[in-house]
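For reference, the chains in residue letters:
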Amino acid sequence: MYTFGFEKPEVWNKSRHLTKKIYVISKNFPDSKKSGITPQLRRAAISVCSNIAEEASRWSKKDQAHFYNIA
């Protein structure tokens, strides 16, 4: 099976597992929090994975470091 370059670093795998945990935990939040903090937490977790994947498509070390810094 082919793996993308961003799937190799351990930090990407850890961020993916963290995202899954956040989804599982936030599913049990009270209804009052489901329209406010729940989507914000989920988007933030997905953003980490996305920025690490985006870094893998960059050619220069400066761009790569920039996306790691964002993540």
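Residues numbered from 1 in each chain as written. Predicted model: local features only at pLDDT ≥ 70, side-chain atom pairs only at ≥ 80, totals over all residues. Heavy atoms only, no water.

Further remarks concern the overall build of the chain. Looking only at helices and strands, one finds 3 helices and 0 strands in the chain. Helices (α) and strands (β) of the chain occur, in sequence order from the N terminus, as α-α-α. Within the chain, the fraction of its 71 residues that count as buried is 20%. Here the chain displays about 5600 Å² of accessible surface, and carbon together with sulfur accounts for 59% of that area. (Helix = DSSP H or I, 4+ residues; strand = E, 2+ residues; numbered from the N terminus. Buried < 20%, exposed > 50% of the residue type's maximum accessible area, 1.4 Å probe, protein only. Areas by Shrake-Rupley, 256 points an atom, 1.4 Å probe, with all protein chains shown as cover.)

What follows covers the pattern of salt bridges. Applying the stated criterion across every chain, the model contains 1 salt bridge. The partner of Lys14 in a salt bridge is Glu10, with the nearest N and O atoms 3.3 Å apart. In this pair, Lys14 and Glu10 both sit in helix α1 (residues 10-26), 4 residues apart, roughly one turn of the helix. Assessed through its relative accessible area of 53%, Lys14 is described here as exposed. (Salt bridge = Lys/Arg side-chain N within 4 Å of Asp/Glu carboxyl O.)

With that settled, consider the confidence of the model for the chain. Taken over all residues, the pLDDT of the chain has a mean of 80, while the share at 70 or more is 80%. By mean pLDDT, helix α3 (residues 61-70) is the weakest element of the chain at 69, and α1 is the strongest at 90. (pLDDT = per-residue confidence, 0-100.)

Attention now moves to the side chain of Ser26. Inspection of the secondary structure assignment puts Ser26 in helix α1. On the accessibility criterion, Ser26 (1% relative accessible area) is buried. At 3.4 Å, the side chain of Ser26 forms a polar contact with the backbone oxygen of Tyr23. For Ser26, the residues in contact, after removing those within four places along its chain, are Lys34, Thr38 and Arg42. (Polar contact = N/O pair within 3.5 Å; in protein donor to acceptor, adjacent residues only side chain to side chain. Contact = heavy atoms within 4.5 Å.)

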